[in-house]
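So the chains spell out like this:
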Amino acid sequence: MELFLQQVFNGIMFGSTYAIVALGLTLVMGILNIPNFAHGHLYMLGGYVTYFFFATLGLGFWLSLLASMIILGMVGVVMERVVFRPLTGQPPINDFIAAIGSLVFLEAFALAVWGPQGLRITNPYPETFQFLGITMTVQRVLVIVAAAALIVGLHFFMKKTVLGATIEAVAQNREGAMLTGINVNRVSAITFAISTATAALAASFLSPIFMLSPSMGAILGMKAFIIVILGGLGSIPGAILGGYILGLIEALGGGYVSAAYKNVFAFGALILILSIKPTGLFGKKEA
Amino acid sequence: MLKLNQVHTNIGGMQIIQDISLEIQKGEFVALLGSNGSGKTTLFRTIAGVLKPKIGTVEFDHVGIHRLPVHKIVELGLVLCPQGRQLFPELSVEKNLILGAYPLRSDKTRIRKNMDRVFEFFPILKERLHQHAGTFSGGEQQMLAIGRSLMSEPKLLLLDEPSVGLAPLIVKLIGEVIASISHEMKTTVFLSEQNANMALNITQRGYVLENGRCVLSGQCSDLKQDEKVRKAYIGA
Ligand SMILES: Nc1ncnc2c1ncn2[C@@H]1O[C@H](COP(=O)(O)OP(=O)(O)O)[C@@H](O)[C@H]1O
Ligand SMILES: [Mg+2]
């Protein structure tokens, strides 16, 4: 029972990160109509930027996190403007290639600046406590709480504000959005900023727990991509639920069978769900 | 109010609109007639800024708008209610309407007022306020599209084939609403239609397009008598 609860706790923590990263990927996908394959690499960059402010400059954890979110938000705006906007109206394969190009660049950049060896920031909240017979660290609880707060906050932003509604509008009908007077370029830039800043947030919370490495973006980006397919392309609730499900599958599979196989469980679940429901958990019927 | 000067528009290298000049005065109610594929939609999308003319100019209230982005043109008061409606299918009626008022977004009372006026035209939209637009029938979607385009209080409203594919009873209802938008709201309306019958009965004058060129224009009473128009568009 303890093992089960411990793995559920870990699964929810991994899942929190996955949910946020997949959420950002889904938001931008609504705008681009293809997944931004560089999303995991933006997460990786967010982790390093936090490392830079926290370990190199010696700022506090929360200030470093904030700085990382702001900088990654700006990176998102620049990326939309320089990489993707010039491709508007061209075949989706061009966006696809541009995203691959960006991720190669980001990984090479991190490698050049921070080197190939793993880096870790000192855990700002290393305290542990016992709850329901399992051991929790404050940092891990913080990951879960922060992710939940972010998801609730984003939900209200999307559903209750006009700016949030414009993001949905542009995703659902770009030309229709233009014709109501929405500046779709501005909405695209804001969407990218939200997507990259939330990735930086997730990376910042996890950087005291896991090593940073230039290659971590590729694995996480791939998983986020799986989650987005799992949840139903473009579905926000699907991305969130899919994130938590993947986290739980990995943690339980890893805990009971072998941690070495956790990616096998992740991909296995993807294949299983898609064979039962080809459009994903929250997928729409083909139009 | 609207002035087109020798406008040519290309799509994918093909000349679709060729040498169109026309002028619409404030308060007028004008029809754009033409069979399927004659270029009505392309012309309207050019005026609204979705497509940019290859040659020629578009002036709105004496300002050249043919190089402006679409949202700037909307802010000036020129709104296109597009063919195919281009609604937000997974947003509620209410949100579709609120987004229609995007240029007025800081003025909540005006948005309320405009929404109430849309409900006077189309009471069914009020009953379905929280339903997703994508669940609607064609006629209801067209009502919502017209309602959405009224939300920002346009000075000039372009309505692109609002009756296409709808049942005669709905066409009649929509025709009446368009007529009262023109008369009661004093909005200048430019209406494109394949259904020349409906359009010629409510508008004052019209232009006839063929293969992207303007081949005829005049008062509706004259167009109705024109042998070519009768043959091609009225079926009489
Ligand atoms: N996106 C497009 N790509 C290629 N050809 C187009 C496109 N849109 C319109 N056309 C062509 O332009 C011509 C005029 O079309 P359109 O403006 O839709 O006419 P209408 O609205 O009068 O039916 C047609 O021959 C059509 O095939
Ligand atoms: Mg048309």
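Everything discussed here concerns the structure shown above.
Residues numbered from 1 in each chain as written. Chains lettered and ligands numbered in written order. Predicted model: local features only at pLDDT ≥ 70, side-chain atom pairs only at ≥ 80, totals over all residues. Heavy atoms only, no water.

**Comments concerning the sheet that holds strand E5 (residues 63-64) of chain B**
Residue and element names in this part refer to chain B. Stated precisely, the cut-off is as follows: In this description, strands pair whenever DSSP reports at least two bridges between them. Only runs of H or I of at least four residues qualify as helices and only runs of E of at least two qualify as strands under DSSP, and these elements are numbered from the N terminus.
An order of E2-E1-E4-E5 is seen for the four strands of this open sheet, with the pairing classed as antiparallel. The open sheet is flanked by strand E2 (14-24) and E5, the only strands paired with a single partner. Pairing between strand E1 (residues 2-11) and E2: seven bridges, direction antiparallel. When the sheet's bridge partners are listed, Asn-10 is paired in E2 with Gln-15.

**Quick look at the environment of B:Arg105**
To keep things clear, this is the line we draw: Remark: exposure states derive from per-residue accessible area (1.4 Å probe, protein chains only) relative to the maximum for the residue type, with buried under 20%, exposed over 50%, and partly exposed in between.
With respect to the helices, strands and loops of the structure, B:Arg105 is situated in the loop between helix H3 (93-100) and helix H4 (108-121). Taking the relative accessible area as the measure of exposure, B:Arg105 reaches 36% and is therefore partly exposed.

**A closer look at the packing of helix H1 (residues 2-32) of chain A against helix H5 (residues 138-160) of chain A**
Residue and element names in this part refer to chain A. Which entries qualify depends on this criterion: The axes are straight lines fitted to the C-alpha atoms, using for helices just the contacting stretch, and the angles between their N-to-C directions are given from 0 to 180°. By convention the crossing between two helices is left-handed if the near helix lies anticlockwise of the far one by an angle smaller than a right angle, and right-handed if it lies clockwise. The contact rule is simple, with two residues in contact once any of their heavy atoms fall within 4.5 Å. Throughout, the ten residues Ala, Val, Leu, Ile, Met, Phe, Trp, Tyr, Cys and Pro are labelled nonpolar, Asp, Glu, Lys and Arg are labelled charged, and all others, Gly among them, are labelled polar.
In contact at an axis separation of 9 Å, H1 and H5 are set at 30° when each is read in the N-to-C sense. Between H1 and H5 lies a crossing of left-handed hand. The segment H1 lies against H5, with Phe-9, Asn-10, Ile-12, Met-13, Ser-16, Thr-17, Ala-19, Ile-20, Leu-23 and Leu-27 engaging Arg-140, Val-141, Val-143, Ile-144, Ala-147, Leu-150, Ile-151, Leu-154 and Met-158. Split by residue class, the contact of H1 with H5 holds 15 nonpolar, three polar and one charged.

**Section: unusual backbone geometry**
Residues and elements named next belong to chain B. Non-glycine residue Glu-161 carries a positive phi angle of around 45°. Examined against the element boundaries, Glu-161 turns out to sit in the loop between strand E7 (156-160) and helix H7 (168-183). On the basis of relative accessibility, which here comes to 4%, the residue Glu-161 falls in the buried class. Even without glycine at this site, Lys-186 takes up a positive phi of about 60°. Mapped onto the secondary structure, Lys-186 falls in the loop between H7 and strand E8 (188-193).

**Side note on the coordination of the magnesium ion (ligand 2)**
Residue and element names in this part refer to chain B. Put simply, the test is: Counted as coordinating are nitrogen, oxygen and sulfur atoms within 2.8 Å of the metal, or 3.2 Å for Na, K and Ca, while water is not included, which may make sites look incomplete.
Around the magnesium ion (ligand 2), the protein contributes the donor atoms Thr-41 (OG1), Gln-83 (OE1) and Glu-161 (OE), which lie 1.9 to 2.2 Å from the metal centre. Along the chain, the residues that donate to the magnesium ion (ligand 2) are spaced as T-x41-Q-x77-E. On the criterion of sequence distance, the pair formed by Thr-41 in helix H1 (residues 40-48) and Glu-161 in the loop between E7 and H7 is long-range, its members being 120 residues apart.

**A closer look at the site of ligand 1**
All names here are of chain B. Stated precisely, the cut-off is as follows: Note on definitions. A residue lies near a molecule or strand when any single heavy atom of the residue is within 4 Å of it. In protein, a polar contact requires one atom able to donate a hydrogen and another able to accept it; more generally it is a pair of N or O atoms within 3.5 Å, and residues adjacent in sequence count only if both atoms are side-chain atoms. Accessible surface is estimated by sampling points in the Shrake-Rupley manner with a 1.4 Å probe; for residues, cover comes only from the protein chains shown.
Taken together, the neighbourhood of ligand 1 is formed by Ile-11, Ile-16, Ser-35, Asn-36, Gly-37, Ser-38, Gly-39, Lys-40, Thr-41, Thr-42, Gln-83 and Glu-161. Between ligand 1 and Asn-36, the relevant distance is 3.2 Å, taken from an oxygen atom to a side-chain nitrogen or oxygen of the residue. Contact distances for ligand 1 include 2.6 Å between an oxygen atom and a side-chain N or O atom of Thr-41. If ligand 1 stood free it would expose 550 Å²; the protein chains cover 59% of that surface. Sort the elements by how many residues they give to the shell around ligand 1 and H1 lands first, with three residues. Looking at the shell around ligand 1 residue by residue, the class counts come to two nonpolar, eight polar and two charged.

**Section: a nonpolar patch on the surface**
Residues and elements named next belong to chain A. The test is simple: Think of a patch as exposed residues, more than 30% relative accessible area, with no salt bridge, where like charges cluster within 9 Å and nonpolar side chains (Val, Leu, Ile, Met, Phe, Trp, Tyr) cluster within 5 Å. The salt bridge criterion pairs a side-chain nitrogen of Lys or Arg with a carboxyl oxygen of Asp or Glu, the two atoms within 4 Å.
On the surface, Met-1, Leu-3, Phe-4, Tyr-256, Val-257, Tyr-261 and Val-264 cluster together into a nonpolar patch covering about 750 Å² of accessible area. Here Val-264 is to be found in helix H11 (residues 262-276). Overall, Val-264 belongs to the exposed group, its relative accessible area being 54%.

**Details of the pairing of strand E6 (residues 78-81) of chain B**
Residues and elements named next belong to chain B. Residues of E6 alternate between two faces, with Leu-78 and Leu-80 on one and Val-79 and Cys-81 on the opposite face, all of them buried. In terms of strand pairing, E6 meets E7 through four bridges, oriented parallel. Residue pairing across strands places Val-79 opposite Leu-157, the latter belonging to E7.

**A short note on the interface of chain B and chain A**
Interfaces are often described in size by the accessible area the parts lose on coming together. The cut-off we apply is this: Buried area: the sum, over both parts, of the accessible surface (1.4 Å probe) that disappears when the two are put together.
Facing 21 residues of chain B, the contacting portion of chain A comprises 20 residues. For the pair chain B and chain A, the two sides together bury roughly 1900 Å², of which 63% comes from carbon and sulfur. Among the residues chain B hides against chain A, the three largest losses belong to B:His71, B:Phe88 and B:Tyr102. Together they make up 29% of the total. Remark: the boundary between chain B and chain A carries one salt bridge. The salt bridge partner of B:Arg45 is A:Glu175, with a shortest N-O separation of 2.8 Å. Linking chain B with chain A are six residue pairs in polar contact (both at pLDDT 80 or more), by the criterion used here.

**Focus on helix H3 (residues 61-84) of chain A**
Residue and element names in this part refer to chain A. The cut-off we apply is this: Each helix should span, by expectation, one fewer than its residue count multiplied by 1.5 Å.
Taking 1.5 Å as the rise per residue, H3 with 24 residues should run 34 Å; its terminal C-alpha atoms sit 32 Å apart, in good agreement. Listed as buried for H3 are Phe-61, Ser-64, Leu-65, Ala-67, Ser-68, Leu-72, Gly-73, Gly-76, Met-79, Glu-80 and Phe-84. Buried-residue contacts for H3 involve H1, helix H2 (39-56), helix H4 (92-114), H5 and helix H8 (184-206).

**Section: the packing of aromatic side chains**
The criterion, for reference: Two rings from Phe, Tyr or Trp (for Trp, the six-membered ring) form a pair when their centres are within 6.5 Å of each other. A pair whose planes differ by under 30 degrees is stacked, one over 60 is edge-to-face, and the rest are tilted. In this analysis the charged atom, NZ for Lys or CZ for Arg, is taken to sit over a ring once it is within 6 Å of the ring centre and within 35 degrees of the ring normal.
The full count for this structure, using the stated rule, is 14 aromatic pairs over all chains. Ring centres 6.2 Å apart and planes at 25° place the aromatic pair A:Phe105 and A:Phe109 in the stacked group. With a gap of four residues between them, A:Phe105 and A:Phe109 both fall in helix H4, about one helical turn apart. Exposure remark for A:Phe109: the relative accessible area of 36% places this residue in the partly exposed category. Seen in terms of ring centroids, B:Phe190 and B:Tyr207 are 6.5 Å apart; in terms of plane orientation they differ by 70°. Their pairing is edge-to-face. Here B:Phe190 is found in strand E8, whereas its partner B:Tyr207 is found in strand E9 (residues 205-210), with 17 residues between them in sequence. Comparing B:Phe190 with B:Tyr207, the two get one shared label, buried. Aromatic rings pair up to connect A:Tyr48, A:Phe105, A:Phe109 and A:Trp114 into one cluster. Note that B:Arg128 overlies the ring of B:Phe136, its terminal NZ or CZ placed 5.7 Å from the centroid. Here B:Arg148 stacks its cationic end above the ring of B:Phe88, 4.9 Å away from the centre of that ring.

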